[in-house]
Amino acid sequence: MYRIEINNLTKYYGDNLVLNNVSLKVKNHEVVCLIGSSGSGKSTLLRCVNDLVPFNEGDIKLDGVSIHDSSFSANELYKRIGIVFQAYNLFPHMTVINNITLAPRKVHRTSRSESEEYAEELLGLFGLGDFANSYPEQLSGGQQQRVAIIRAMANRPDVLMLDEVTAALDPELIGDVLSVIKDLRKKGMTMLIVTHEMSFARSVSDRVCFLDGGSIIEEASPEKLFSKPENPRTQQFLQRIIEAGRL
Amino acid sequence: MNLKRPAPHKRSGRALSAREKYIPTAISVVTVLAVVFILRAVITSSGQWPRIKAQFFSMDAIIEVFPKVLKGFGVNMTVWIISLVVIAVWALLLAVFRSLHGPWFAPLRIFSIIYIDLFRGLPSLLLVLLFGFGIPALQIPGLPRSSLFWGASAMIMSYSAYASEVYRSGIDAVHDGQRSAAKALGLTQWQTLFHCILPQAVRNVLPSLLNLAVALQKDVALLSVLGVRDAVREAQIYTARTFNYSSLIAAAALFLAVTIPMARFTDYITKRDRQRRLQGAS
Ligand SMILES: Nc1ncnc2c1ncn2[C@@H]1O[C@H](COP(=O)(O)OP(=O)(O)OP(=O)(O)O)[C@@H](O)[C@H]1O
Ligand SMILES: [Mg+2]
């Protein structure tokens, strides 16, 4: 059985076909990267999986159960799938520790002491132990993004989705965030990652999907996709990336 | 995407010499003093000054009337503070009603829109007269008959409409990503509102709300048209009896003693808020 199963997903924004019959299966502990040019529908795909935006056709299953099944409460879905955005979106009026423990406390009714203990553990693990009582604006972009990842992890999700989490960061801060993601992979986290960092996609993923115009055009192991892409459009995309010096 | 702006720099990098630092200050002080002295000389030398002084600044009159005006001012302050608390809560509720999504909440949304249109569109004085004289005149059993109560209610109704629009602008200013983040964490619409949106919204609009509070402090004096014995009314009674206006000056001094510190406090909050924003943007 698959952890996530996306079947024939189709989504329109108005008349604009954004996802065209997309299917994707992710096994437990697998890391899948989505690459593709701007506007190809990568973020929309993640948002559909997390039920943040409605879709028109198709089905999404988590451990074999459709996310729109009546047995699936919204709470449970959000608990089991975490998502982190490019813009961190930390709550600026809350300390780091409160950002992280808000959902465990308010949504999942974990006690304050228990959720704080787990938050401290995660912060320590990712080198942010000193910042529990800081406010987000006192942290660098890379630190904020790591807090955002920890916040998603604090719900103990089964799947973590990351949407261009390094795109807003200065080059020297990207490494810290990427190494956090690599750590999570080692711990066996199932992840669906949208990224523009091709060398990162190559080293972290079990599979890479190339999206273009709302469809997955090519899906292969990173070795194969990056060195011997089959589809001409994939070749073209990678060629542009190479010319931009990003591979 | 890194939009980096260079740090704001002073117009000139070198340190100012003592001359450059103190001469402008000295000139300002001298100018202000000169103007004050000239005005004083002109006013006091004119033949009218003794009359003006007796009419407006009679110490005897002020001392005589002060206890009553002060007692009246107590009414102003009480009404003001109670109204502030009620308005802060009621206006927030109205703003929340208006920001709710979904067909279930349509009645609340429509109620809020009509309420705001109505009460923001009418002069406060008209509302005070209508409520303060009109409702007690109906003599409905079970309803309070005090003009003070109904007049204050009119002020609350009217100011809540304004304050609610201020809150709403604060709610709208909270970035959309905050809602997505809260939703993705599993927070309900209400939890998102209470834990994420409203605290940020209130922080956004605190300076504007404080400005409204200053305006309200002065407008409470409108209740004097109902015969409520506030500071202005007490001063007026004295003026009517003695044809001396010093009582009004006494009342004016009391109002300024509250509104000026409030204004400085608002400036302080505004400045702190702007610094926070600049910091957040860098
Ligand atoms: N809220 C929205 N309303 C209308 N159209 C939208 C909305 N969000 C995205 N779109 C459109 O959907 C298409 C796919 O957008 P999406 O954000 O999924 O692309 P992306 O692959 O994530 O791009 P990027 O790499 O720039 O993040 C785009 O054409 C975009 O204009
Ligand atoms: Mg995107």
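The notes below deal with the structure included here. (Residues numbered from 1 in each chain as written. Chains lettered and ligands numbered in written order. Predicted model: local features only at pLDDT ≥ 70, side-chain atom pairs only at ≥ 80, totals over all residues. Heavy atoms only, no water.)

### Describing the site of ligand 1
Residues and elements named next belong to chain A. Formally: Here a residue counts as near a molecule or strand whenever at least one of its heavy atoms sits within 4 Å of it. For the purposes of these results, a polar contact is taken to be a pair of N or O atoms within 3.5 Å, where, inside protein, one atom must be able to donate a hydrogen and its partner to accept one; residues adjacent in sequence count only when each atom of the pair is a side-chain atom. In these tables, accessible area is a Shrake-Rupley quantity obtained with a 1.4 Å probe, and a residue counts as shielded only by the protein chains included in the view.
Around ligand 1, a shell composed of 13 residues is seen, among which Ser-38, Gly-39, Lys-42, Ser-43 and Thr-44 lie nearest. At a separation of 2.8 Å, an oxygen atom of ligand 1 approaches a polar side-chain atom of Lys-42. One nitrogen or oxygen atom from the side chain of Glu-164 is found 3.0 Å from an oxygen atom belonging to ligand 1. Relative to its unbound accessible area of 640 Å², ligand 1 is 59% covered by the protein chains.

### Observations regarding the sheet that holds strand 10 (residues 215–220) of chain A
All names here are of chain A. Defined as follows: Here the rule is simple: two strands pair whenever DSSP picks up at least two bridges between them. The secondary structure listing takes helices from DSSP runs of H or I that are at least 4 residues long and strands from runs of E that are at least 2 residues long, numbered from the N terminus. Only the contacting stretch of a helix is used when fitting its axis, a line to C-alpha atoms as for every element, and angles between N-to-C directions run 0 to 180 degrees.
Reading across the sheet, the six strands line up as 6-7-8-3-9-10 and stay open at both edges, with mixed pairing between neighbours. Strands with a single pairing partner mark the edges of an open sheet, and in this sheet they are strand 6 (81–84) and strand 10. Averaged over all pairs of adjacent strands, the angle between their axes in this sheet comes to 20°, without regard to strand direction. Here five bridges tie strand 9 (residues 207–212) to strand 10, and the two strands are oriented antiparallel to one another. Its bridge partner being in strand 10, Asp-212 is matched across the sheet by Ser-215.

### Digging into the packing of aromatic side chains
Two aromatic rings are characterised by how far apart their centres lie and by the angle between their planes. All names here are of chain B. The test is simple: Pairing of aromatic rings covers Phe, Tyr and Trp, the last counted by its six-membered ring, and requires centre-to-centre distances within 6.5 Å; plane angles under 30 degrees mean stacked, over 60 mean edge-to-face, and any other angle means tilted. Three labels apply to residues, based on accessible area from a 1.4 Å probe with only protein chains included: buried if under 20% of the type maximum, exposed if over 50%, partly exposed otherwise in between.
One pass over the structure, following the stated rule, counts 14 aromatic pairs over all chains. Geometrically, the ring pair formed by Trp-90 and Phe-111 is tilted, given 6.4 Å between the ring centres and 50° between the ring planes. Taken together, the residues span a long stretch of sequence, with Trp-90 in helix 3 (residues 59–99) and Phe-111 in helix 4 (residues 106–120) at a distance of 21 residues. Aromatic side chains Trp-90 and Tyr-115 sit 5.6 Å apart centroid to centroid with 90° between the ring planes, which places their arrangement in the edge-to-face category. Of this pair, Trp-90 sits in helix 3 while Tyr-115 sits in helix 4; the two residues are 25 residues apart in sequence, bridging distant segments of the chain. Judged by its relative accessible area of 22%, Trp-90 is partly exposed. Relative accessible area serves as the criterion here: at 7%, Tyr-115 is assigned to the buried category.

### What about the interface of chain A and chain B?
The test is simple: When checking whether two residues touch, look at their non-hydrogen atoms; a contact exists if any pair is within 4.5 Å. Computed with a 1.4 Å rolling probe, the buried area is the accessible surface lost when two parts are put together, summed over both parts. By salt bridge we mean one thing: a side-chain nitrogen of Lys or Arg within 4 Å of a carboxyl oxygen of Asp or Glu. For this classification, the nonpolar set comprises Ala, Val, Leu, Ile, Met, Phe, Trp, Tyr, Cys and Pro, the charged set comprises Asp, Glu, Lys and Arg, and every other residue, Gly included, is treated as polar.
Of the residues lining the interface, 28 residues belong to chain A; the matching set on chain B comes to 21 residues. Summed over both partners, the interface of chain A with chain B buries about 2,000 Å², with 55% contributed by carbon and sulfur atoms. Summed over the shared surface of chain A and chain B, the result is zero salt bridges. Counting across the interface, chain A meets chain B through four residue pairs in polar contact (both at pLDDT 80 or more). Of all the secondary structure elements, the ones that give two or more residues to the side of chain A that touches chain B are helix 2 (74–80), strand 6 and helix 3 (96–106) of chain A. With three residues, the top contributor of residues to the side of chain A that touches chain B is helix 3 of chain A. Split by residue class, the side of chain A that touches chain B holds 15 nonpolar, six polar and seven charged.

### Observations concerning helix 4 of chain B
Residues lying three or four places apart along an α-helix face the same way, a consequence of the helix completing one turn every 3.6 residues. Residue and element names in this part refer to chain B. For the record, the criterion: Residue count minus one, scaled by 1.5 Å, sets the expected span of a helix. Directions pointing from the helix axis toward each C-beta atom define the arc.
Over its 15 residues, helix 4 runs 21 Å from end to end, which matches the ideal 21 Å to within 8%, given 1.5 Å per residue. Buried within helix 4 are the following residues: Ser-112, Tyr-115, Ile-116 and Phe-119. Buried residues in helix 4, looked at end-on, bunch into an arc of 95°, giving them a common side. Facing away from the buried surface of helix 4 by more than 90 degrees, the exposed residues are Pro-107 and Ile-114.

### Focus on the sheet that holds strand 2 (residues 16–26) of chain A
Residues and elements named next belong to chain A. Strand order across the open sheet formed by four strands is 2-1-4-5, with antiparallel pairing between neighbours. Because the sheet does not close on itself, it has two edges, and the strands there are strand 2 and strand 5 (65–66). Against the sheet, helix 1 (residues 42–49) contacts strand 1 (4–13), strand 2 and strand 4 (57–62), and its axis sits at roughly 120° relative to strand 1.

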